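A look at the structure
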Amino acid sequence: MQTTTKTAKQIFEEVWANPARAKFGFGDKLAVVNVDPQKGYTRPDLFPKTAYITDPRQMDHISTMSTRARASGLPVVWTHVAYMENGADAGVWGTRTDTPDSLQNIKVGSERHAFDDRLDIDDTVDAVYTKRMPSAFFETPLQSFLTWHRVDTVVITGGSTSGCVRATAVDALSHGYRAIVPIECVADKHESYHFANLTDLQLKYADVVRTADVLDWIDAYTPA
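Predicted, not measured: the structure shown is a model, and the values here were computed from it.

About the thresholds
- Residues numbered from 1 in each chain as written.
- Predicted model: local features only at pLDDT ≥ 70, side-chain atom pairs only at ≥ 80, totals over all residues.
- Heavy atoms only, no water.
- Buried < 20%, exposed > 50% of the residue type's maximum accessible area, 1.4 Å probe, protein only.
- Helix = DSSP H or I, 4+ residues; strand = E, 2+ residues; numbered from the N terminus.
- Pairing = 2+ DSSP bridges.
- Axes fitted to C-alpha atoms, helices over the stretch in contact; angles between N-to-C directions.
- Parallel < 35°, antiparallel > 145°, perpendicular 65-115°, else oblique.
- Contact = heavy atoms within 4.5 Å.
- Nonpolar A, V, L, I, M, F, W, Y, C, P; charged D, E, K, R; others polar.
- Salt bridge = Lys/Arg side-chain N within 4 Å of Asp/Glu carboxyl O.
- Disulfide = S-S within 2.5 Å.
- Polar contact = N/O pair within 3.5 Å; in protein donor to acceptor, adjacent residues only side chain to side chain.
- pLDDT = per-residue confidence, 0-100.

With that settled, consider the pairing of strand E1 (residues 30-35). Within E1, 6 of the 6 residues are buried, leaving the element largely enclosed by the surrounding structure. Every second residue of E1 is oriented toward a common face, with Leu30, Val32 and Asn34 on one face and Ala31, Val33 and Val35 on the other, all of them buried. Two elements, E1 and strand E4 (residues 153-159), share 6 bridges in a ladder whose sense is parallel. Its bridge partner being in E4, Val35 is matched across the sheet by Gly158. Examined bridge by bridge, E1 and strand E2 (residues 76-81) share 4 bridges and lie parallel to one another. Considered in E2, the bridge of Val32 is made with Val76.

For the rest of this paragraph, the subject is the packing of helix H5 (residues 161-174) against helix H6 (residues 191-205). The geometry of H5 relative to H6 is characterised by a closest axis approach of 10 Å and an angle of 5° between their N-to-C directions. Considering their axes alone, H5 and H6 lie roughly parallel with respect to each other. Facing Thr161, Ser162, Arg166, Ala169, Val170 and Leu173 of H5, the residues of H6 in contact are Tyr193, His194, Asn197, Leu198, Asp200, Leu201, Lys204 and Tyr205. Across the contact of H5 with H6, the residue classes break down as 7 nonpolar, 4 polar and 3 charged.

One pass over the structure, following the stated rule, counts 14 salt bridges. For Glu111, the salt bridge goes to Lys39, with nearest N and O atoms at 3.9 Å. Placement of the pair is Glu111 in the loop between E2 and strand E3 (127-131) and Lys39 in helix H2 (residues 39-42), with a sequence separation of 72 residues. For Lys39, a relative accessible area of 10% translates into the label buried. The salt bridge involving Asp89 is made with Arg132; its shortest N-O contact spans 2.6 Å.

Disulfide: a covalent bond formed between the sulfur atoms of two cysteine residues. Counted according to the given criterion, the structure contains 0 disulfides. Free cysteine: Cys164, not disulfide-bonded; nearest cysteine sulfur from Cys185 at 16 Å. The class for Cys164 is buried, based on a relative accessible area of 10%.

Within the secondary structure, Gln104 sits in the loop between E2 and E3. What makes Gln104 buried here is its relative accessible area of 7%. When the C-alpha positions of Gln104 and Ile62 are compared, they lie 26 Å apart, and in sequence the two are 42 residues distant. Setting aside residues no more than four positions away along its own chain, Gln104 makes contact with Tyr83, Gly87, Ala90, Gly94, Thr97 and Asp98. At 2.9 Å, the side chain of Gln104 forms a polar contact with the backbone oxygen of Gly94.

The next subject is the confidence of the model for the protein chain. Confidence in the prediction for the protein chain averages 97 pLDDT; 100% of positions are at 70 or higher. Of all the helices and strands in the protein chain, helix H1 (residues 8-16) carries the lowest mean pLDDT, 97, while E1 carries the highest, 99.

This is the structure we're talking about:
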């Protein structure tokens, strides 16, 4: 095992800047999958123990990307986490703690479950799922939705980078999709977790790109 005195951010920046690293690239059609941009994770002013901010314009970037994808006829997906009143559907994941801020105490229809108000969501055409485990693919209709739309590339936004974003990216690759993670659109509780997982995603499971790269691809997209 290698050791270093570099920070997780420094390691990521070195990996990200390596011009020799091959990319998966964009395919023929993408979907934007926004993972859990809900108030319980995006509003530290309301929920200081569970929410976090990495890029202060994250919600703006997500909303802009989703709006432009929708306008181009590309599918947009939103997930958020919530559980039944007794939290039983959180399974073993909900057994470590039991405080008002614990995962299994995010209730369906609560403010913690609600999407951030800054987001542009059109539930007449966007797919909106409540999920219960980290990956947006697990026990949701996401796979069949992407198959119907003949998508081959999944752009993943939201949080946390080390949790549900990473799990969704790994599952996307495992299902045969090209996974794209726009850096300004993902966030985590701590800089170390955020950049360590971006490094691992870039090395193994996804392309970490600028939001502008995704927007450029969307703007150039022409339906087949």
